[in-house]
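# Coordinate inspection notes
Chain by chain, the residues run as shown.
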Amino acid sequence: MKTILVTGGAGFIGSNYVRHVLTTCEDVRVVNLDVLTYAGNLENLEGLEDDPRYRFVRADIADAGAVEAAVADETVDEVVHFAAESHVDRSIEDASAFLRTNVVGTQALIDFARAREVARFVHVSTDEVYGQLGPDDPAFTEETPIQPNSPYSASKASSDLLVRAACHTHGFPGLITRCSNNYGPYQFPEKLIPLMISNALEDRPLPVYGDGLNVRDWIWVEDHCAAVDVVRQRGELGQVYNIGGRSERTNLDVVKAILGQLGKPESLIEFVKDRPGHDQRYAIDDSKITAALGFVPKVGFDEGIRQTVAWYTANETWWQRVKSEAYRDYYERMYGERTGEG
Ligand code: NAD
Ligand code: TYD
């Protein structure tokens with residue numbers, strides 16, 4: 001039995017990944033290490049507490065002593081690193097947590113993984129490190145220069161470079177994935193899609209930045225998780241793999257699709273002041289991961305948005321508890337004061 005240390009497993013993608021890997025791989029245990037920031041929600045993993053192949057530990061990746069103490073009794077074979085501050089708007093307000101977690105935290109985790117001699121370290125990154133595209137530019141490849149435009153993407157780019165440097169200098173067994181915008185169950189309702197669905201369900205205005213014509217390449221979260229796991233299992237050490245959804249849409253198209261499915265009027269759309277430095281377009285060329293590892297995304301946007309709207313409609317309790325912050329009690333209820341245990 002192999003033990004995978006998953007960081008940030010209480011967040012949106014991390015929690016989907018924990019379920020994915022436990023379901024698809026019988027021979028792995030998961031130790032989920034997460035500090036539980038506002039974005040960490042153990043309710044995303046409800047039902048796994050009694051699974052003998054799953055353990056939760058609470059620690060800050062930027063605190064090397066805390067990470068070592070939390071997993072002192074574990075043999076860590078592989079690391080899949082999701083933990084990050086992930087919201088662009090928050091990074092524009094205040095970048096400090098982004099530097100601490102995304103940059104300092106990633107280096108601390110690299111040091112930990114080297115000391116433990118892990119076999120593989122998958123660093124989960126973003127297409128935003130490449131900067132932005134114009135309407136007719138070719139999609140990002142792994143060779144596209146790194147030109148981040150927001151404090152968030154700059155901090156992720158920094159973490160990618162630290163992983164790259166560790167591979168080059170120390171022969172570190174790192175792999176980097178750069179994925180486009182994810183959507184699906186358990187996404188925190190500050191991000192475009194869950195914010196718009198939950199607002200529409202409450203008949204509240206949908207705040208679209210600028211003219212709503214910015215383009216993102218949307219990927220169903222389960223497809224991203226599957227791709228990360230293909231890279232974990234079969235990716236070549238030291239390589240970067242782009243992951244995309246093959247589903248470019250303007251924000252306005254996304255919002256209209258949500259309103260259409262919910263049968264709500266487009267008059268709920270409210271155009272608001274644009275995000276400073278708002279990247280115009282992201283698009284992924286995923287030919288490398290397809291050719292090298294045979295990965296292709298399975299769920300297109302129409303099907304994915306249908307399932308996502310259905311999930312948020314059926315799971316109103318989940319997002320109402322996030323909006324009211326009631327979800328923050330879950331750790332104490334499940335794990336009491338036993339910080340670092342689970
Ligand atoms: P999220 O914000 O939903 O979750 C982040 C998780 O990391 C939370 O559980 C949080 O508690 C934890 N965390 C934050 N700081 C920590 C720290 N110092 N120590 C330990 N845990 C900490 O994020 P997400 O959307 O699930 O994204 C996960 C990863 O995927 C990130 O690295 C992000 O950059 C990357 N990514 C996200 C997207 C997207 O569309 N959401 C796209 C491409 C890449
Ligand atoms: P977001 O989900 O924050 O992801 P990212 O900025 O990392 O791509 O935003 C997706 C797009 O939606 C982006 O172009 C900004 C836009 N947006 C809005 O128009 N209104 C909103 O309230 C939010 C959160 C985002």
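Described in the following lines is the structure provided in the data block. Along each chain, residue indices are assigned from 1 in the same order as the chain's sequence is written. Each chain is given a letter, starting from A, and each ligand a number, starting from 1, according to the order in which they appear as written. Note on the predicted model: pLDDT of at least 70 is required for a residue's local features to be given, and 80 or more for side-chain atom pairs to be given and counted; whole-chain, interface and lining totals, by contrast, use all residues. In computing side-chain values, all of the structure's heavy atoms are included and hydrogens and water are not.

### Regarding the site of ligand 2
Around ligand 2 there are 18 residues in total, and Glu128, Pro207, Arg216, Arg275 and His278 lie nearest to it. Whenever a nitrogen or oxygen atom comes within 3.5 Å of another N or O atom, the pair is scored as a polar contact, on the condition that within protein one atom can donate a hydrogen and the other can accept it, and that pairs from neighbouring residues in sequence are kept only if both atoms are in side chains. For ligand 2, a nitrogen atom lies 2.8 Å from a polar atom in the backbone of Pro207. At 2.9 Å from an oxygen atom of ligand 2 is found a side-chain nitrogen or oxygen belonging to Asn251. Starting from 510 Å² of accessible surface for ligand 2 in isolation, the protein chains cover 96%. When contributions to the shell around ligand 2 are tallied by element, the ones reaching two or more residues are helix H6 (192-201) and strand S8 (206-209). Among the residues making up the shell around ligand 2, the classes are represented as eight nonpolar, five polar and five charged. The nearness test applies per residue and asks whether one of its heavy atoms lies within 4 Å of the molecule or strand. Per-residue and other accessible areas were derived by the Shrake-Rupley procedure at a 1.4 Å probe size, with only the shown protein chains allowed to occlude residues. Starting at the N terminus, helices and strands are each numbered in turn, a helix being any DSSP run of H or I of at least four residues and a strand any DSSP run of E of at least two. Three residue categories are used. Nonpolar comprises Ala, Val, Leu, Ile, Met, Phe, Trp, Tyr, Cys and Pro, charged comprises Asp, Glu, Lys and Arg, and polar comprises the others, including Gly.

### As for the side chain of Thr106
Residue placement: Thr106 occurs in helix H4 (residues 96-115). Discounting chain neighbours no more than four positions away, the residues touching Thr106 are Ile61, His81, Thr101, His123, Ser159 and Val163. Residue contacts are counted whenever heavy atoms from the two residues lie within 4.5 Å of one another.

### Section: the packing of H4 against helix H5 (residues 151-170)
At a minimum axis separation of 8 Å, H4 and H5 run at an interaxial angle of 20°. On the basis of their axis angle, the class for H4 and H5 is roughly parallel. The handedness of the crossing between H4 and H5 is right-handed. On H5, the residues touching Phe98, Leu99, Asn102, Val103, Thr106, Gln107, Ile110 and Arg114 of H4 are Tyr152, Ser155, Lys156, Ser158, Ser159, Leu162, Val163, Ala166 and His170. A class-by-class count of the residues in the contact of H4 with H5 yields eight nonpolar, seven polar and two charged. Only C-alpha atoms enter the line fits that serve as axes; for helices the fit covers just the stretch in contact. Angles between N-to-C directions range over 0 to 180 degrees. These descriptions rest on fixed angle ranges, namely under 35 degrees for roughly parallel, over 145 for roughly antiparallel, 65 to 115 for roughly perpendicular, and the rest for oblique. With the far helix as reference, a near helix turned anticlockwise by less than a right angle produces a left-handed crossing, and one turned clockwise produces a right-handed crossing.

### Some thoughts on the sheet that holds strand S11 (residues 248-250)
Should DSSP find at least two bridges between two strands, the strands are regarded as paired. Read from one edge of the open sheet, three strands run S7-S9-S11, paired in mixed fashion. Strands with a single pairing partner mark the edges of an open sheet, and in this sheet they are strand S7 (181-183) and S11. Averaged over neighbouring strand pairs, the angle between their axes works out to 50° when direction is ignored. As judged from the three bridges shared by strand S9 (residues 215-220) and S11, these two strands associate in the antiparallel manner. Paired with Asp217 across the bridge in S11 is Glu248. Packed onto the sheet, helix H7 (residues 221-234) meets S7 and S9 and runs at close to 75° relative to S9.

### A closer look at H7
Helix span is expected to be 1.5 Å times the residue number reduced by one. Between its first and last C-alpha atoms H7 spans 20 Å; for 14 residues at 1.5 Å apiece the expected length is 20 Å, and the two agree. The element H7 is largely enclosed, with a buried count of eleven among its 14 residues. Summary of the burial criterion: residues with accessible area below 20% of their type's maximum are buried, those above 50% are exposed, and those between are partly exposed, where the area comes from a 1.4 Å probe applied to protein chains only.

### Focus: the nonpolar core
In this structure, Tyr17, Leu42, Tyr54 and Ile193 are the most contacted members of the largest nonpolar core, which totals 69 residues. With seven residues, the top contributor of residues to this core is H7. Counting residues in each nonpolar core, the second largest holds 31 residues, with Val31, Ala59, Ile61 and Val79 among its members. Nonpolar cores were defined as sets of buried Ala, Val, Leu, Ile, Met, Phe, Trp, Tyr and Cys residues, with membership established by side-chain atoms within 4.5 Å.

### Observations concerning the site of ligand 1
For ligand 1, the set of nearby residues contains 28 residues, the closest of which are Ile13, Asp34, Ser86, Tyr152 and Lys156. Asn182 places a main-chain nitrogen or oxygen 2.9 Å from an oxygen atom of ligand 1. Coverage of ligand 1 by the protein chains reaches 96% of its 840 Å² of free accessible surface. Considering every element that reaches the shell around ligand 1, the biggest residue donor is strand S5 (residues 120-126), with three residues. Of the residues assigned to the shell around ligand 1, the class counts are 14 nonpolar, eleven polar and three charged.

### Some thoughts on the layout of surface pockets
A pocket here means an open set of points on a 1 Å grid, computed over the protein atoms alone, that has protein on both sides within 12 Å along at least five of seven lines. A cavity is instead a set of points where a 1.4 Å probe fits but cannot get out; residues with an atom within 4 Å of a point line either one. Grid points are joined across faces, edges and corners, and a volume is the space filled by probe spheres set on the points. Each pocket or cavity is described by its volume, and for the second largest pocket that value is around 320 Å³. Arg164, Ile176, Arg178, Gly238 and Val240 are, among the 18 residues lining the second largest pocket, the residues nearest its centre. Elements that contribute at least two residues to the lining of the second largest pocket include exactly H5 and strand S6 (174-179). Top contributing element to the lining of the second largest pocket by residue count: H5, with six residues.

### Quick word on the packing of aromatic side chains
A ring pair, where both rings are aromatic, is described by two values, the distance of the centres and the angle of the planes. Put simply, two rings from Phe, Tyr or Trp (the six-membered ring, in Trp's case) pair if the centres are within 6.5 Å, and we call them stacked under 30 degrees between planes, edge-to-face over 60, tilted for the rest. As enumerated under the stated definition, the model contains 16 aromatic pairs in all. Taking 5.9 Å as the distance between ring centres and 65° as the angle between the ring planes, the aromatic pair formed by Tyr183 and Trp220 counts as edge-to-face. Note that Tyr183 is positioned in strand S7 and Trp220 in strand S9, a separation of 37 residues in sequence. In this pair, the class of Tyr183 matches that of Trp220, namely buried. Here the aromatic rings of Trp311 and Tyr312 are separated by 4.9 Å at their centres, their planes lie at 80°, and the arrangement is edge-to-face. No difference in accessibility class separates Trp311 from Tyr312, as the two residues are buried. Here a set of aromatic residues connected by ring pairs shows up, and it is made of Tyr183, Trp218, Trp220 and Phe301. Here the basic side chain of Arg90 rests over the ring of Tyr38, its NZ or CZ set 3.5 Å away from the ring centre. The rule is short: NZ of Lys or CZ of Arg within 6 Å of the ring centre and within 35 degrees of the ring normal puts a charge over the ring. Here the guanidinium or amino end of Lys288 rests over the ring plane of Tyr241, the centre of that ring lying 5.0 Å away.

Taken by themselves, the reported measurements are silent on function.
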